[in-house]
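# Structural description and commentary
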Amino acid sequence: MTQMTDAEIRARVDNLLAQMSAEEKAGQLTQYFTFSRAPDEVARVEDEVRAGRAGSLLFVSKAEEIDRLQRIAVEQSRLGIPLLFGYDVIHGLRTILPVPLAVAASWDPAVAEEGQAVAAAEARAIGLHWTFAPMVDITRDPRWGRMIEGAGEDPVLGSAMAAAQVRGFQGAFIGAPGRVIAGPKHFAGYGAAFGGRDYDEAEISDNELWNIYLPPFKAALDAGAGNVMSAYMGLNGVPATGNRWLLTDVLRETWGFEGFVVTDAGAAADLATHHYAADLGDAAVRALDAGVDMEMAPPFGEAAYRTLPQALAAGRITAAQLDTAVRRVLDAKLRMGLFEAPYVDLGAAAAMLAAPAHRAVARRAAERSAVLLHNAGGLLPLSRDTGSIAVIGPLADSARDTVGPWVFEQDDNETVTVLAGIRAAAGPATRVDYTPGVTMPARLHKSIFEDDVHAQTQRLVVDDDIEIANSVRLARAAEVAVLVLGEAHIMIGEHASRSSLDLPGRQQELLEAVLATGTPVVLLIMTGRPVDLKGAEPAAKMMIWYPGTRGGEAVANLLFGAAVPGGKLPYNWPRNIGQVPLPYAQLRSFRPDWAQERYWNEGNAPLYPFGYGLSYTTFSYAAPRLSADRIAPGKTLEVTVDVTNTGPVTGDEVVQLYIHQRYGSAARPVRELKGFQRVTLAPGETRAVRFPLGPGELSYWSAARRDRVQDETCIDVGVGGDSTAPFMTSFEVAG
Ligand code: GLC
């Protein structure tokens, strides 16, 4: 299918617009939830589609159903305009990749791009055109459950991951075969919710908006994203979805975005809920005025944009406003080729969903995402001929939890759990015993994903006293105990904030009971949050996140050394919840000498720093070399550092470049990540790793000058394997 030119697209949009009634135009701007488990709602939505009052559907996830609904739109509505099908393909559709935060921990944008290309291929094959991803919200608060969907606390790592995901989803252009429209979300500032409480408002200074929360969105748009999703929450007193400064001044006028904006679920109608808009009609007008093109209607609720024809008749909106929004939606449909090929190739869909190559991508991603936190005495890697291994924990054999939150189309029978992976990889003489140890507790407040529309697998309930005793017995009899502890998939993600970093339920008690046996313990942590282990110190600790469809295979490869861990933390790991927020990139303050004594009752350092992660080998860094010791503003110098593998096996190191600006128009953080490269080095190998430092890296939005600036200043430079890399050289920026 040849790509249409912009002129051809414009002409076809004009032709369609000229035929459309105000109601049909409002319909193109309305997206409905369509849950197959709610047949009455499907029937209601079908009527809207037939009447030309629906432009897009979401949550339809079976090829046959997508095809059926599309035929209603094309063959039974007056103008036959095809529907745009969107869905939350956040980290895979049927093949589930590790959660996005895990992929960020790989510090390898290629992992993100390759993984999202797999997700796009499966989504496009079943007839989906658009994903509500990547989620690019920065957060510094692990209480906020949606941290699992993002890339952690840093705008440079976040921007790299945002752009890579857009490339993976969309390919070279919107409409590329086997690709879908990417919709970075949630614009903007959602991750700064008060107290980490999901849905609470955010108050964010311009300094933090421009230097921390907005850059990943800009990176996603620079990578060509065709859509943006506006956030639910209040931003600085104005709901993000009614925030004209955000959706028009920044997105359109400053950044030149030409795609279409969709609201988050019900967020247009909810402008009235915020007590910002007077009622549903006012909410629709305020959303359109702010810059919202398409409304994701409230699930099972009343669409606000259905009132737009009345608003037009009453003169509250103009025909031009309406047409501008409809243009953007029709443009996306034309670019995706929906008018030429609206239907689904059901045979191709089935084949795509079972592609073995996709599973291999998921396994590699999980291997590259795990972060080795502690490995006393080199306990890991284990020998495949270890005599006996006790695998213990409520997450060790939970297929549903292994793939994490925001998955709906996986087949749990295809997921390799940690237990299954260990059993498959261990030697023939190795005895592998298992017990869940404890029951994962139920949530105090039910998750929105535990309702009948999202039907989730049931929790494994055991007698904790009996199983803890069983765990102790198995651990005593084993050479090594592998514990898989953390949070259930509904304890993190949307509507899953938490006021604690403790292990839920009696997992801590289980951990301490097994440690007390004296058998060496390998703790595999399955969550996204930096858990607080209350000082318990297993011999080895690895963050495996929610590792996806082939998670157990990847974890076994890491445990037995077939893969070498190389992941790094995408956030500072606090010692306890009381330290939060604890970003690594803080200002120097007037008492930097007391930076670690900000509380009188304990130190202020994180347990593990941003960018930290161990390997089965070791690396050394020579002092960084600069191509110049002075550059003019706007010029670029090069930082070169020689990195050597000083250990026994080939491994990956994420080489990280940090700077500190000593003075300028605003105070800048004690250190900021400005470059990173993951490199593979053989034992004894030395590699010269190079980074540019120019206006892109050295400019920032100045709170004093209220504009983007690059100061004449002195810049300290440090390069290392985490954010504690010492500053070893510096250079001047001077005219
Ligand atoms: C949800 C989320 C958003 C998601 C949308 C559709 O509530 O906030 O991330 O894409 O609704 O499921």
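As the structure is a prediction and not an experimental result, all values here were calculated from the model.

## Focus on the side chain of Glu-367
- Within the secondary structure layout, Glu-367 lies in helix 16 (residues 356-369).
- For Glu-367, a relative accessible area of 11% puts it in the buried group.
- There is a polar contact of 2.9 Å between the side chain of Glu-367 and the side chain of Arg-363.
- Residues within four places of Glu-367 in sequence aside, it is in contact with Ala-554, Asn-557, Leu-558 and Ala-563.

## Focus on the packing of aromatic side chains
- Summed over all chains, the structure comprises 27 aromatic pairs.
- Consider the rings of Trp-144 and Tyr-190, whose centres lie 5.0 Å apart with planes at 70°: the pair is edge-to-face. Of this pair, Trp-144 sits in the loop between strand 4 (130-131) and helix 7 (155-170) while Tyr-190 sits in the loop between strand 5 (181-182) and helix 8 (206-213), placing them 46 residues apart in sequence.
- Residue class for Trp-144 comes out buried when judged on its relative accessible area of 0%.
- Every member of this aromatic cluster is reached through a ring pair, and the members are Phe-33, Phe-35, Phe-59, Tyr-87, Phe-300, Trp-406, Phe-408 and Phe-449.
- Over the ring of Trp-594 we find Arg-591, and its NZ or CZ is 3.8 Å from the ring centre.

## Here's the deal with empty space enclosed by the protein
- This model, assessed by the stated rule, comprises seven cavities of 30 Å³ or more.
- Here the largest cavity defines a volume of roughly 160 Å³.
- Around the largest cavity, the lining is made up of 23 residues, and of these Pro-100, Val-103, Ala-112, Gln-116 and Gln-165 lie nearest the centre.
- For the lining of the largest cavity, the elements supplying multiple residues, two or more each, are helix 5 (100-105), helix 6 (109-125) and helix 7.

## Here we look at the environment of Leu-58
- Among the structural elements, Leu-58 can be located in strand 2 (residues 56-58).
- Ignoring anything within four residues of it in the chain, the contact list for Leu-58 reads Gln-31, Tyr-32, Phe-33, Thr-34, Gly-86, Phe-132 and Met-296.

## Remarks on the sheet that holds strand 27 (residues 727-733)
- Read across the open sheet, the five strands follow the order 19-27-26-21-22; overall the sheet is mixed. Of all the strands in the sheet, just strand 19 (630-631) and strand 22 (672-681) have a single pairing partner and so form its edges.
- The pairing of strand 21 (residues 651-661) with strand 22 spans nine bridges and is antiparallel. Bridging from a neighbouring strand, Ile-659 pairs with Glu-672 of strand 22.

## Points about the packing of helix 6 against helix 16
- The contact between helix 6 and helix 16 brings their axes to 10 Å, and the two run at 150°. In terms of axis orientation, helix 6 runs roughly antiparallel to helix 16. Crossing handedness for the pair helix 6 and helix 16: left-handed. On the side of helix 6, the interface is formed by Val-111, Glu-114, Gly-115, Val-118, Ala-121 and Glu-122, while helix 16 contributes His-358, Arg-359, Val-361, Arg-364, Ala-365 and Arg-368.
- A class-by-class count of the residues in the contact of helix 6 with helix 16 yields five nonpolar, two polar and five charged.

## Some thoughts on unusual backbone geometry
- Between Ala-133 and Pro-134 the backbone carries a cis peptide bond, its omega angle lying at 5°.
- Position of Pro-134 among the secondary structure elements: in the loop between strand 4 and helix 7.
- With an omega of -5°, the peptide bond between Leu-380 and Pro-381 qualifies as cis.
- Tracing the backbone shows Pro-381 in the loop between strand 11 (371-375) and strand 12 (388-392).
- Located in the positive-phi region is Asn-236, a residue other than glycine, with phi close to 55°.
- Along the polypeptide, Asn-236 turns up in the loop between strand 7 (234-235) and strand 8 (238-239).
- A relative accessible area of 31% means that Asn-236 is categorised as partly exposed.

Conventions used here
- Residues numbered from 1 in each chain as written.
- Predicted model: local features only at pLDDT ≥ 70, side-chain atom pairs only at ≥ 80, totals over all residues.
- Heavy atoms only, no water.
- Helix = DSSP H or I, 4+ residues; strand = E, 2+ residues; numbered from the N terminus.
- Buried < 20%, exposed > 50% of the residue type's maximum accessible area, 1.4 Å probe, protein only.
- Polar contact = N/O pair within 3.5 Å; in protein donor to acceptor, adjacent residues only side chain to side chain.
- Contact = heavy atoms within 4.5 Å.
- Phe/Tyr/Trp six-rings, centres within 6.5 Å; stacked < 30°, edge-to-face > 60°.
- Lys NZ or Arg CZ within 6 Å of the ring centre and 35° of its normal.
- 1 Å grid on protein atoms, 1.4 Å probe; cavity = no way out; pocket = protein on both sides within 12 Å on 5 of 7 lines; lining within 4 Å.
- Points joined across faces, edges and corners; volume = space filled by probe spheres on them.
- Pairing = 2+ DSSP bridges.
- Axes fitted to C-alpha atoms, helices over the stretch in contact; angles between N-to-C directions.
- Parallel < 35°, antiparallel > 145°, perpendicular 65-115°, else oblique.
- Left-handed = near helix turned anticlockwise from the far one by under 90°.
- Nonpolar A, V, L, I, M, F, W, Y, C, P; charged D, E, K, R; others polar.

From the geometry alone we can't say anything about function, so treat these as descriptive.
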